[in-house]
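Residues per chain are reported as follows:
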Amino acid sequence: MLDKNLNPIGNATDEDIKVHETGKQDEKLFLHNTGRTEIRKYLFEFSTDEKTYSIAFEGKIAQADISGIVESLRNQLYENCGGVILSYMEDHHLEFSHFKISAIPLKHKETMRRAEYLLKSFSVGTAASPDCVAGNYYAIIDHQEQINEHCHEGCYCALSRVQNNETCHYRIVGQIFSYNRCTDHADGYFAIRASDGGQPLRNIAVKSGEPVLPVFGCVDVTGLLLNIDRISTARQSMDISVR
């Protein structure tokens, strides 16, 4: 158990907060000295049009509270998710430490390549951030970019990796897509995927051709993450994420 007598992070002194600034990323690191290490590591990542926002911490967080955290992120700007997660854990008196928020620039080609790997590769090694050491990992990719005056492409992905004892369970729902304004033609690849106990990723549902999720407008990717364990069809994905 973590020490319940810790001061709230919101009231941390200057000695409790360390700010790191480098040429590649800006980080705010909140440290609570719990003196305990028998806890799990968590990482949330949100990749949007310009940056990837990462929120990492350690703690003992029930799965119901993970769902509550994700629910609290719906309708939030991704850049604000770190503060929302922090507020949720403080308001619900959850035990956590080493809370860290970081943001790094996002590269379009790398993001599209990663989304394609997530949706098509059978290796679970592609289903985590390269620097991810957390047992429990939750990620959203919600990104698109104008390639030229006639074409844009993008991707939506929700991913969860939950550690259970010594094994990990993966769930992925997502789509990569492109749209040509001149021909008014959209093309996409949609997949729902899973892996349990270290097995290769398997497809639950796949659809290529006309995109399942819209290439314009608002797609609730956070809703996909919130419901990722019960999504098994393209129709469910559309009903959950298109509002």
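Residues numbered from 1 in each chain as written. Predicted model: local features only at pLDDT ≥ 70, side-chain atom pairs only at ≥ 80, totals over all residues. Heavy atoms only, no water.

Peer 1: With reference to specific residues and values, describe the environment of Ala191.
Peer 2: Looking at the element boundaries, Ala191 is found in strand β9 (residues 185–196). Between the alpha carbons of Ala191 and Lys120 there is a distance of 8.1 Å; along the sequence they are 71 residues apart. (Helix = DSSP H or I, 4+ residues; strand = E, 2+ residues; numbered from the N terminus.)

Peer 1: Before we move on, can you summarise the side chain of Arg114 with the specific residues and values?
Peer 2: As for its placement among the helices and strands, Arg114 is situated in helix α3 (residues 108–120). Glu45 provides the closest opposite charge to the buried, unpaired Arg114, separated from it by 4.2 Å. Reaching out from Arg114, the side chain makes a polar contact with the side chain of Tyr137 at a distance of 3.0 Å. (Buried < 20%, exposed > 50% of the residue type's maximum accessible area, 1.4 Å probe, protein only. Lys, Arg positive; Asp, Glu negative; His and termini not counted. Salt bridge = Lys/Arg side-chain N within 4 Å of Asp/Glu carboxyl O. Polar contact = N/O pair within 3.5 Å; in protein donor to acceptor, adjacent residues only side chain to side chain.)

Peer 1: Which residues make up the environment of Lys207, and what values go with them?
Peer 2: As for its placement among the helices and strands, Lys207 is situated in strand β10 (residues 202–209). Here the side chain of Lys207 touches Glu210 through a polar contact of 3.1 Å, landing on its backbone oxygen.

Peer 1: How would you sum up helix α1 (residues 63–73)? Please name residues and give values.
Peer 2: Looking only at α1, the buried set comprises Asp65, Ile66, Gly68, Ile69, Val70 and Leu73. Contact partners of the buried residues in α1: β3 (40–47), α2 (81–91), β6 (136–146) and α4 (221–226). One or two positions beyond α1, positive phi appears at Asn75, with a value near 70 degrees. (Contact = heavy atoms within 4.5 Å.)

Peer 1: For the state of the cysteines, give the residues involved together with the corresponding values.
Peer 2: Taken as a whole, this structure holds 0 disulfides when the rule is applied. There is no disulfide at Cys182, and the cysteine sulfur nearest it, in Cys151, is 9.4 Å away. (Disulfide = S-S within 2.5 Å.)

Peer 1: Please give an account of unusual backbone geometry that cites residues and values.
Peer 2: Positive phi is not limited to glycine here, since Asn75 has a value of about 70 degrees. Tracing the sequence through the fold places Asn75 in the loop between α1 and α2. In this model, His93 sits at a positive phi of 55 degrees, which is unusual for a non-glycine residue. Its place among the elements puts His93 in the loop between α2 and β5 (96–105).

Peer 1: Would you mind going over the pattern of salt bridges in detail, with residue names and values included?
Peer 2: Counted by the stated rule, this structure contains 5 salt bridges. Here Asp220 and Arg74 are joined by a salt bridge, their closest N and O atoms 2.4 Å apart. In this pair, Asp220 sits in the loop between β10 and α4 while Arg74 sits in the loop between α1 and α2, placing the two residues 146 residues apart along the sequence. An identical accessibility class is assigned to Asp220 and Arg74; each is buried. Across the salt bridge formed by Asp196 and Arg202, the nearest N and O atoms sit 3.4 Å from each other. Under the relative-accessibility criterion, Asp196 is labelled partly exposed at 25%. Overall, the relative accessible area of 41% leaves Arg202 in the partly exposed class. Salt bridges sharing common partners tie together Arg171, Asp196 and Arg202.

Peer 1: Break down the nonpolar core for me, citing the residues and quoting the values.
Peer 2: The tendency in soluble globular proteins is for nonpolar side chains to be buried as a group. Membership of the largest hydrophobic core comes to 42 residues, with the highest contact counts inside it found for Phe44, Phe46, Phe57, Ile85, Met89 and Phe99. Among the elements that make up this core, the one with the highest residue count is α2 (6 residues). Sequence-distant contacts of Met89, defined by excluding residues within four places in its chain, comprise Phe57, Ile61, Ile69, Leu94, Phe96 and Phe99. One finds Ala115, Leu119, Tyr189 and Leu201 within the second-largest nonpolar core, a separate group that totals 18 residues. (Core = buried A, V, L, I, M, F, W, Y, C linked by side-chain atoms within 4.5 Å.)

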